[in-house]
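Structural overview for review
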Amino acid sequence: MKRNTLSFRIILNVLLITSSLFVLILSVYYIYARKTISESSKVYAIQLAENMEARIEQELLPLEKVPQMLSATIEMGIFHEDSLAQVLKTIVKNNPSVYGASMAFEPNFFEHKGLYFMPYAYRGSDSIFTSFLGSETYEYFYMDWYQIPAMLRKPYWSEPYYDEGGGNILMATYAVPVYSRRDGRRVFTGIATIDISLDKLTDLVSSVSIFETGYAFMITRNGVAVTHPDKSMIMNKSIFSNAEEWEMPVLRQIGRELLRGESNFRSYNLPGQEKRWIYYTNLNSTRWSIAVVYPEHEMYASLTKMNRLVMLLFLAGLLLLVLLITKIVNRLASPLVKFAEAARLIAKGNFETPLPEVKTKDEMLELRQAFMQMQEQLAHYIENLKKTTADKEKIESELRIASEIQLSMIPHSFPPFPDLPQVDLFASLKSAKEVGGDLYDFFLIDSDKFCFAIGDVSGKGVPASLFMAVTRTLLRSIADKYNTTDRIMKILNESLAINNDSCMFVTFFLGILHLKTGELFYTNAGHNPPLYIAQNGETKFMEMGTSIPLGLNEDYDYACMSTFMQPGDKIFAYTDGVSEAENASHELYGEKRLHACIARNAEANTREIIGIMNNEIEQHVDGYMQSDDITMLTVVYNGQKREN
């Protein structure tokens, strides 16, 4: 068929109309059928889960009455302690669903019984046995099933556990606080319990199936699987650990809804698997949860088969239609060739390319008008792009100037005090953006007190840089008015916290070194602990204590700590951009590498230490984009030996 004939236009329109009608009809049918199947499957899954919930509740609710009645009879003083073992044996015998029953008394409740007294009856292979639990290897009053109801003073279903030394099976325990009367007072006596084996619940839940491979499972209030087709999941992993391992936030959201006792019907995708649907609900008695899961493709299997059959019939009919109308539709495509050539020229940047004339008032005319509109919009877009590019270059220029202004605010001449031999230092700051929030500063308060500081403002960019400038300015104005680092920090914190509507903060380390004695007073505000490098090469992180960053709480009181620096001792301070520098694999540089690098180069001078650290970080990130400001400061105390 020749494309420059009208016949091509006719067949194209016919095929488009036919295909569109088919797609429309098939889409309406598919959407309606899919919605119907989805709703019916949802109802079926909900019914399965609710029926299973009802069966489990019918199994558990009567059992809860047993320890409650035992608690009431003990409080009334009906049973003697020596008869409890037989009573518990009778309870287990008369309740086939109960694996074991016990009465665990408080330590030394009966002085003649000793520290432990816990009669226990349980099922064996062919009989019911009794025993008395409690020993140094089985201190029952420290176990969850005892401590939690004892603390809450109300009945409690425990998490499933393996009762080693007791029932020696995987079980769950329903525990009820017990009271008795002593000297006219109602006192806490112990815990009455019944144990149920999880085998019955497992069989009940595992019997549920939906479609071909759908299944049901049950998890505890902490998200740990009690029953699951994958045996490796049972009592091994929780829904939250799986969400972390598989990087699936939807599982974490499901787990949170389960903890809140909510019910929901939703979809999710496991890594490398198809989409699945899940309905989950909560057991009122135990606060465990039941879920029914089935693959989406099984839900729509019948619909998929029908769609394939309809598609085959349509293709056969379409082929027949093409053969019948080929001779009358091969004259409609000639303008399309010219439009294609014009499109190629426009794509090369020639927006003034003339378009072919169209005399017919049909789709070809609309196509020509669309091409004309595209030409106009492209020309307008290019003009706007040029303006936007110029504006962007202006902003970048202003940011470069801002960066230069910011860097000029911090000291950058080294050595800073050539006439002050007692101390030397070197510092560097490398912003992640044009401007940043890291800062360092150092200055003499008087002839004997040398002040130095390093900080990291929350966030990045222009807001952080402004907060950094305010912090440095306040420090300089405050430092010479107060004698101690904790007082300076408190005044600085109060100033930053006032009217801090943006809730910004700065981690900060401040030190004041007495040059004559070498005594260093320092205060930390949530900043990374500096490394102390002793003259003998010993390197360790400085003791910091606990504190919060500046700007968060204006009433917070900071602590002042002190140490004596010996001649040759150094302090290496840094921001988290050093320890958290990451490479393409998102592996952090870390404080362990930092400590090791400083320890290897403890003999280097202040400038060399920072140069070595910069090289180490560059090797670690290996060209990966810098995500945070990197600031380092090294101070060495030389003592009085070089004054002459």
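Quick caveat, the model's predicted, so the values are computed rather than measured.

**Here we look at the overall build of the chain**
Secondary structure assignment for the chain yields 15 helices and 23 strands. Relative to the 2.2 N^0.38 estimate, which gives 26 Å for 644 residues, the radius of gyration of the chain is 39 Å and therefore markedly larger than a compact globule would have. Counting every atom, the chain has about 34000 Å² of accessible surface; 54% of that belongs to carbon and sulfur. Across the chain, the 62 positively charged side chains and the 77 negatively charged ones have centroids separated by 9 Å.

**A word on the sheet that holds strand E21 (residues 561–564)**
Pairing is antiparallel in the open sheet, where five strands are placed in the order E15-E16-E17-E18-E21. For this open sheet the edge positions go to strand E15 (438–444) and E21, each flanked by a neighbour on one side alone. Each strand axis lies, on average, 15° off the axis of its neighbour in the sheet, ignoring direction. Two strands pair when backbone bridges link them, and strand E18 (residues 519–525) and E21 are joined in this way by four bridges, in the antiparallel orientation. Bridge pairing links Phe521 to Ser562 in E21. On the sheet, helix H11 (residues 461–479) packs against E15, strand E16 (449–457) and strand E17 (506–514) and is oriented at approximately 15° with respect to E15. Sheet strands in contact with helix H12 (residues 485–497) are E17 and E18, and its direction is about 150° off that of E17.

**A closer look at the environment of Asn264**
Residue position: Asn264 is located in strand E11 (residues 264–269). Residue Asn264 is classed as partly exposed on the basis of its relative accessible area of 26%. In sequence terms Asn264 and Tyr637 are 373 residues apart; their C-alpha atoms lie 65 Å from each other.

**Describing a nonpolar patch on the surface**
Side chains of Ile17, Leu21, Leu24, Ile25 and Val28 sit close together on the surface and give an oily, nonpolar patch of about 510 Å² of accessible area. Looking at the element boundaries, Ile17 is found in helix H1 (residues 6–75).

**Here we look at the nonpolar core**
Grouped together as the largest cluster of nonpolar side chains are 55 residues, with contacts concentrated most on Ile56, Met103, Ile194, Ile196 and Met218. Filtering out sequence-adjacent residues up to four positions away, Ile196 remains in contact with Leu60, Leu63, Ser97, Tyr99, Trp157, Leu170, Met171, Ala172 and Leu201. Ile478, Phe509, Leu510 and Met544 belong to the second largest nonpolar core, which has 50 residues in total.

**Notes on the packing of helix H14 (residues 590–600) against helix H15 (residues 606–621)**
One way to put it is that H14 packs onto H15 with a least axis distance of 10 Å and a crossing angle of 140°. Regarding the angle of H14 to H15, the classification is oblique. Handedness of the H14/H15 crossing: right-handed. Of H15, the residues touching H14 (which contributes Arg593, Leu594, Cys597, Ile598 and Arg600) are Ile609, Ile612, Met613, Glu616 and His620. Tallied by class, residues from the contact of H14 with H15 come to six nonpolar, one polar and three charged.

**Looking at the packing of aromatic side chains**
Under the criterion given, the structure shown has 29 aromatic pairs. Seen from their ring centres, Tyr556 and Tyr558 are 4.7 Å apart, and the 70° between their planes marks the pair as edge-to-face. By relative accessible area, Tyr556 is classed as partly exposed at 22%. By way of ring pairs, the aromatic residues Phe414, Phe417, Phe426, Tyr440, Phe442, Phe450, Phe452, Phe509 and Tyr522 are connected into one cluster. Between Arg182 and the ring centre of Phe109, over which it is positioned, the NZ or CZ distance is 3.8 Å. Over the face of the ring belonging to Tyr179 we find Arg186, whose NZ or CZ atom lies 3.9 Å from the ring centre.

**Structural notes on the packing of helix H5 (residues 239–246) against helix H6 (residues 249–259)**
Interhelical geometry of H5 versus H6 gives an angle of 165° and a closest axis separation of 8 Å. In terms of their interaxial angle, H5 and H6 are classed as roughly antiparallel. Relative to H6, the crossing made by H5 is left-handed. Touching Ile239, Phe240, Asn242, Ala243, Glu244 and Trp246 of H5 are Leu251, Arg252, Ile254, Gly255, Arg256, Leu258 and Leu259, all from H6. Taken together, the residues that form the contact of H5 with H6 break down as eight nonpolar, two polar and three charged.

**Section: the environment of Lys460**
By secondary structure assignment, the location of Lys460 is in the loop between E16 and H11. Since its relative accessible area comes to 37%, Lys460 is described here as partly exposed. Residues Lys460 and Asp628, spaced 168 residues apart in sequence, show a C-alpha to C-alpha distance of 7.8 Å. Excluding residues within four positions of it along the chain, Lys460 makes contact with Lys433, Ser627 and Asp628.

**Structural notes on the pairing of strand E14 (residues 423–430)**
In terms of burial, E14 is a largely internal element, six of the eight residues being buried. Pairing of E14 with strand E23 (residues 630–637) involves eight bridges; the strand directions are antiparallel. Pairing of Asp424 across the sheet is with Val636, part of E23.

**A few points about the sheet that holds strand E19 (residues 531–533)**
Strand order across the open sheet formed by five strands is E14-E23-E22-E19-E20, with antiparallel pairing between neighbours. In the strand order of this sheet, the two ends are held by E14 and strand E20 (539–541), each with one partner. Across this sheet, the average inter-strand angle for adjacent strands is 15°, counted without regard to direction. Where E19 and strand E22 (residues 570–574) come together, three bridges link them in antiparallel fashion. Looking at E22, one finds that Leu531 is bridged to Phe572. Contacts from H14 reach E19, E20 and E22, with the element oriented near 150° to E20. Where H15 meets the sheet, its contacts fall on E14, E19, E22 and E23, and the angle it forms with E23 comes to roughly 155°.

**As for the pattern of salt bridges**
In this structure the tally under the stated criterion is 13 salt bridges. Salt-bridge contacts for Glu75 lead to Arg186; the nearest nitrogen and oxygen are separated by 2.6 Å. Of this pair, Glu75 sits in helix H1 while Arg186 sits in strand E7 (residues 185–197); the two residues are 111 residues apart in sequence, bridging distant segments of the chain. Across the salt bridge formed by Glu244 and Arg252, the nearest N and O atoms sit 3.3 Å from each other. What emerges from the salt-bridge pattern is a single network uniting Asp441, Arg472 and Arg476.

**Quick notes on the confidence of the model for the chain**
Counting all residues, the mean pLDDT for the chain is 84, and 93% of those residues have values of 70 or more. Confidence, expressed as mean pLDDT per element, reaches its minimum in the chain at helix H10 (residues 363–409) with 70 and its maximum at E22 with 96.

**A closer look at H15**
Compared with an ideal rise of 1.5 Å per residue, which puts 16 residues at 22 Å, H15 spans 23 Å between its outermost C-alpha atoms and is within 8% of the ideal. Regarding H15, the residues found buried are Thr606, Ile609, Ile610, Met613, Ile617, His620 and Val621. Projection of H15 onto a plane perpendicular to its axis shows the buried side chains occupying an angular sector of 90°, all on one side. Close packing links the buried residues of H15 with E14, E19, E22, helix H13 (576–579), H14 and E23. Where H15 begins, one side-chain oxygen reaches toward the backbone nitrogen of Arg607, 3.2 Å away; that side chain belongs to Asn605.

Conventions adopted
Residues numbered from 1 in each chain as written. Predicted model: local features only at pLDDT ≥ 70, side-chain atom pairs only at ≥ 80, totals over all residues. Heavy atoms only, no water. Helix = DSSP H or I, 4+ residues; strand = E, 2+ residues; numbered from the N terminus. Rg over C-alpha atoms; globule rule 2.2 N^0.38 Å. Areas by Shrake-Rupley, 256 points an atom, 1.4 Å probe, with all protein chains shown as cover. Lys, Arg positive; Asp, Glu negative; His and termini not counted. Charge placed at Lys NZ, Arg CZ, Asp CG, Glu CD. Pairing = 2+ DSSP bridges. Axes fitted to C-alpha atoms, helices over the stretch in contact; angles between N-to-C directions. Contact = heavy atoms within 4.5 Å. Buried < 20%, exposed > 50% of the residue type's maximum accessible area, 1.4 Å probe, protein only. Patch = residues over 30% accessible without salt bridge, like charges linked within 9 Å, V, L, I, M, F, W, Y side chains within 5 Å. Salt bridge = Lys/Arg side-chain N within 4 Å of Asp/Glu carboxyl O. Core = buried A, V, L, I, M, F, W, Y, C linked by side-chain atoms within 4.5 Å. Parallel < 35°, antiparallel > 145°, perpendicular 65-115°, else oblique. Left-handed = near helix turned anticlockwise from the far one by under 90°. Nonpolar A, V, L, I, M, F, W, Y, C, P; charged D, E, K, R; others polar. Phe/Tyr/Trp six-rings, centres within 6.5 Å; stacked < 30°, edge-to-face > 60°. Lys NZ or Arg CZ within 6 Å of the ring centre and 35° of its normal. pLDDT = per-residue confidence, 0-100. Expected span 1.5 Å × (residues − 1). Arc of directions from axis to C-beta. Polar contact = N/O pair within 3.5 Å; in protein donor to acceptor, adjacent residues only side chain to side chain.

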